[in-house]
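Here is how the chains run, residue by residue.
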Amino acid sequence: MEHDDILVKVENLKKYFPIYGGILQRVVGYIYAVEDASFYIRKGETLGLVGESGSGKTTVGRILVKLEEPTGGKIFYNSSDITNIKGSELKKYRRKAQIIFQDPYASLNPRMTIKDSIIEVMKVHRLHKGEEYNNALKLMEKVGLSEEHLYRFPHELSGGQRQRAVIARALAVEPEFLILDEPTASLDVSVQAQVLDLLKELQEKYNYTYLLITHNLAVVRYISERTVIMYRGMWVETSPTKELFNKAEHPYTQALLKSVPIPDPEVKKDKFLISGEPPNPTTPVKGCPFADRCPYVMDICKNEMPPVESIGDEHKVRCWLVNKK
Amino acid sequence: MKKVNEWELKKKEVGYALWLFSRNKLVVFGSLIVVFYTILAIFGPFIVNPKISEQVDLSNALKPPTLQHIFGTDDLGRDLLQLIVLGARFDMSISLMVVLTATLIGVTIGSISGYAGGKVDEIIMRFTDILLAFPGLVFAMGITMALGRSAVNLFLALTLVWWTGYARIMRGQVLSEKEKLYVQAAKSLGIPDFLILFKHVFPNAIYPILVLATMDIGGVMLSAAGLSFIGLGPSPFEPEWGQLINRGASYLFIAPWIMFFPGLAVLTASLGFNLIGDGLRDVLDPRLRR
């Protein structure tokens, strides 16, 4: 079922953050941020990674650009294992994979103009020697900005322009793989669509591969071919996006889809929204992570991890309900 | 290819920065004071008699201000105005040097402490805690008393007392800056650690220190004069404001001008630096600059 043109493959990724306590600052526990993230992304494809706050989706993104070290699991890029690369290999990898953060203002140095930020990146990687400025200009055009924006400080740009500038900077290293961590969450609704369109357009032109991390299902539907749903650091369902919207199998996915607001006051929605508290990330999962809040919970859910069930081409679910059917 | 004229932009920015700086009348006043004392410090010995402090003329002692001696004379009959003009060099240079050295040491140690973290940070910070535990002026007194009375020892004592504050602030600044998203972004862009520290963390962390240091020049000047006043300054024949105040203290009721005019010099000079520090903050921040 998997194909040769897979660019990124993540297997059983885990990340536990230690909690320090006491006078001696000893490890007293862990935050189980990511328990099991597994997925693959083909070249030129967009994979949506969806989950609520605290589901570990951002941590997965940060691990993929090596800002965090995973506690367990493996990452393959172009079929080579990059889980523990360092030094020059890491620098090489950083030219290929780039991350766009949610807050473009915070991700730009407030004391550097856009020009300095972009040119610095090219200089570090020794790209376009002597032609840095012209290339910065080209990048600006690519993302729909103009030369005058190069001379601005981040605070002199609007939110959308800033995100475009951040994208331009990421493209300066000529990456293949972009991790978009809630790229539009901090923008106005009108600007969100523009930025998404820009990302789509860039992908069509230059065949970039995207991992889109978001909590916004509308964004996923708009831009990604396949989607992974995460809950409490664990993937619960993965499927082509269209199929997911039509026949989601996991109760959590179903609840998510039902909680998307419909802009029509006449429509009466049935009230199956998720009840209960969000999970506590400091206790390890035993059984299904969603068991505490699942309306269809069974005894087995609480004690045993559901097996992965394949229910169609590239559609997999991790749920006892599906297993029992 | 270039359509935007970079020079024009830079000129505009500098112009705007100057305008921001000059917008505040107090800041302009402060800079005028500082410029005035700087000129005195540099050209003082050429304007007045450089040997005045050695020319004792007891027949002229304790003369009140007259046209001939505008600020009057001290207990040794020396012209006070000339002594104060000459004193500017010592007081200005010791405050500048102390602040510069202390900033340099403090910023270096603070950056290392903040960026390295862990055990290194712990050791450095506990050491500064020990130094900070002593009241500054008393500590400086102790050091000069132990080392002996001289200009160099005064400088050493004040520097030793002053750098800890900068180290603390710099460490805090670096700690908060290095967690910011733009540093993470720089890391993920493959920018090497030393460049991140020098080009990203450092410039963003240093500005509050620059403002503080400018204001501190006045503070150091007061402390230097204070130490000198209690007899821990340079040799008695070095013209220095604190020492002149000390001389005047003995004659406060018969010749108050001996104390008054050097005191005024210390006060206005330190005030000047304080006022500049205020304006500097506006100019150094690009968010306020354009």
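Bear in mind the structure is a predicted one, so any value in this text is a computation, not a measurement.

Asks: Please provide a residue-by-residue account of the overall build of chain B, values included.
Replies: The helix and strand inventory of chain B stands at 11 helices and 0 strands. Principal-axis analysis of the C-alpha atoms gives chain B an extent of 80 × 50 × 25 Å. Relative to its 290 residues, chain B shows a buried fraction of 46%. Total accessible area computed for chain B in this model is approximately 14200 Å², and 71% of it derives from carbon and sulfur atoms.

Asks: Before we move on, could you go through the interface of chain B and chain A and cite the residues and values that matter?
Replies: Listed as interface residues are 29 residues of chain B and, on the opposing side, 36 residues of chain A. Buried area between chain B and chain A, both sides added, is near 2800 Å², and the carbon and sulfur share of it is 59%. In this structure, the connection of chain B to chain A is made through 1 salt bridge. One salt bridge in this structure joins A:Glu120 and B:Lys199, with 3.8 Å as the shortest N-O distance. Applying the counting rule to chain B against chain A returns 9 residue pairs in polar contact (both at pLDDT 80 or more). The set of elements that each furnish at least two residues to the side of chain B that touches chain A consists of helix H1 (6-23), helix H7 (181-188), helix H8 (193-229) and helix H11 (286-289) of chain B.

Asks: Go over helix H2 (residues 87-96) of chain A, please, and point to the residues and values.
Replies: Taken as a whole, H2(A) has its buried residues at A:Leu90, A:Tyr93 and A:Arg94. Relative to the axis of H2(A), the buried residues are bounded by an arc of 105 degrees and lie together on one face. Looking at H2(A), the residues exposed on the side facing more than 90 degrees away from the buried face are A:Ser88 and A:Lys92. Residues of H2(A) that are buried make contact with helix H1 (57-64), strand E4 (72-77) and strand E6 (97-100) of chain A together with H7 of chain B.

Asks: Any details on the confidence of the model for chain B? Residues and values, ideally.
Replies: Residues and elements named next belong to chain B. Model confidence for chain B is summarised by a mean pLDDT of 85, while 97% of its residues fall at 70 or above. Mean pLDDT across the elements of chain B bottoms out in H11 (68) and peaks in H7 (91). In the model output, the complex is listed with pTM 0.82 alongside ipTM 0.86.

Asks: Describe empty space enclosed by the protein, naming the residues involved and giving the relevant values.
Replies: Inspection of the entire model under this criterion finds 3 cavities of 30 Å³ or more. Taken as a whole, the largest cavity holds about 70 Å³ of empty space. When its residues are assigned to classes, the lining of the largest cavity shows 11 nonpolar, no polar and no charged.

Asks: An account of the nonpolar core is requested, with residue identities and associated values reported.
Replies: What tends to happen in soluble globular proteins is that the nonpolar side chains get buried as a cluster. A:Ile118, A:Ile167, B:Leu158 and B:Trp241 are the most contacted members of the largest nonpolar core, which totals 129 residues. A:Leu7, A:Tyr77, A:Ile99 and A:Met230 belong to the second largest nonpolar core, which has 33 residues in total.

Asks: So what about the packing of aromatic side chains? Which residues, and what values?
Replies: Under the defined criterion, the tally for this structure stands at 18 aromatic pairs over all chains. Measuring from ring centre to ring centre gives 6.3 Å for A:Tyr30 and A:Tyr32, while their planes differ by 55 degrees; the resulting arrangement is tilted. Taking the relative accessible area as the measure of exposure, A:Tyr30 reaches 35% and is therefore partly exposed. Here A:Tyr32 falls in the buried class, since its relative accessible area comes to 15%. Seen in terms of ring centroids, B:Phe260 and B:Phe261 are 5.2 Å apart; in terms of plane orientation they differ by 75 degrees. Their pairing is edge-to-face. Positioned over the ring face of A:Tyr206 is A:Lys142, at 4.3 Å from the centre of the ring.

Asks: Help me get a handle on the environment of B:Glu6, residues and values and all.
Replies: Residue position: B:Glu6 is located in helix H1. B:Glu6 has contacts with A:Lys115 and A:Tyr151, leaving out every residue within four places of it along the chain.

Asks: For the pairing of strand E2 (residues 26-42) of chain A, give the residues involved together with the corresponding values.
Replies: All names here are of chain A. In terms of burial, E2 is a largely internal element, 12 of the 17 residues being buried. Taken together, the 12 bridges between strand E1 (residues 6-21) and E2 define a ladder with antiparallel strand orientation. Paired with proline 18 across the strands is tyrosine 30, a residue of E2. Between E1 and E2, which pair antiparallel and follow one another directly, the connecting turn spans 4 residues, one of which, glycine 22, has a positive phi of 80 degrees.

Asks: Run through the pattern of salt bridges, naming residues and quoting values.
Replies: Residues and elements named next belong to chain A. This model, assessed by the stated rule, comprises 21 salt bridges over all chains. Salt-bridge contacts for aspartate 81 lead to lysine 74; the nearest nitrogen and oxygen are separated by 3.9 Å. With a relative accessible area of 36%, aspartate 81 lands in the partly exposed category. In this structure, the salt-bridge partner of glutamate 148 is arginine 152, at a minimum N-O distance of 2.9 Å. The class of glutamate 148 is partly exposed, set by a relative accessible area of 42%. Take arginine 152: its relative accessible area is 23%, and that puts it in the partly exposed class.

Asks: So what's going on with the environment of B:Arg78? Residues and values would help.
Replies: Residues and elements named next belong to chain B. For arginine 78, the location among the structural elements is in the loop between helix H2 (25-47) and helix H3 (80-116). Spatially, the C-alpha atom of arginine 78 lies 54 Å from that of tryptophan 7, the residues being 71 residues apart in sequence. Discounting residues that sit within four places of it in the chain, arginine 78 has contacts with Ile52, Ser53, Gln55, Gly72, Thr73, Leu83, Phe237 and Arg247.

Asks: Which residues make up the packing of H7(B) against H8(B), and what are the values?
Replies: Residue and element names in this part refer to chain B. H8 packs onto H7 with a crossing angle of 160 degrees between their chain directions and a minimal axis gap of 10 Å. By the criterion of interaxial angle, the relationship of H7 to H8 is roughly antiparallel. Here the hand of the crossing between H7 and H8 comes out right-handed. Here Tyr182, Val183, Ala186 and Lys187 of H7 lie close against H8, whose contacting residues are Asp193, Ile196, His200, Val201 and Asn204. Among the residues making up the contact of H7 with H8, the classes are represented as 5 nonpolar, 2 polar and 2 charged.

Asks: Tell me about H2(B), and name the residues and values.
Replies: Note: α-helices contain 3.6 residues per turn, so residues at a spacing of three or four share the same orientation. All names here are of chain B. Along H2, the sharpest kink reaches roughly 50 degrees, centred on alanine 41 and followed within four residues by the proline proline 45. Buried within H2 we find Val27, Gly30, Ser31, Ile33, Val34, Tyr37, Leu40, Ala41 and Gly44. On the buried face of H2, the contacting elements are H1, H3, helix H9 (241-249) and helix H10 (257-284).

Reading guide: rules and limits
Residues numbered from 1 in each chain as written. Chains lettered and ligands numbered in written order. Predicted model: local features only at pLDDT ≥ 70, side-chain atom pairs only at ≥ 80, totals over all residues. Heavy atoms only, no water. Helix = DSSP H or I, 4+ residues; strand = E, 2+ residues; numbered from the N terminus. Buried < 20%, exposed > 50% of the residue type's maximum accessible area, 1.4 Å probe, protein only. Areas by Shrake-Rupley, 256 points an atom, 1.4 Å probe, with all protein chains shown as cover. Contact = heavy atoms within 4.5 Å. Buried area = accessible area lost by both parts, 1.4 Å probe. Salt bridge = Lys/Arg side-chain N within 4 Å of Asp/Glu carboxyl O. Polar contact = N/O pair within 3.5 Å; in protein donor to acceptor, adjacent residues only side chain to side chain. Arc of directions from axis to C-beta. pLDDT = per-residue confidence, 0-100. 1 Å grid on protein atoms, 1.4 Å probe; cavity = no way out; pocket = protein on both sides within 12 Å on 5 of 7 lines; lining within 4 Å. Points joined across faces, edges and corners; volume = space filled by probe spheres on them. Nonpolar A, V, L, I, M, F, W, Y, C, P; charged D, E, K, R; others polar. Core = buried A, V, L, I, M, F, W, Y, C linked by side-chain atoms within 4.5 Å. Phe/Tyr/Trp six-rings, centres within 6.5 Å; stacked < 30°, edge-to-face > 60°. Lys NZ or Arg CZ within 6 Å of the ring centre and 35° of its normal. Pairing = 2+ DSSP bridges. Axes fitted to C-alpha atoms, helices over the stretch in contact; angles between N-to-C directions. Parallel < 35°, antiparallel > 145°, perpendicular 65-115°, else oblique. Left-handed = near helix turned anticlockwise from the far one by under 90°. Bend = angle between axes of the 7 residues up to and from the residue.

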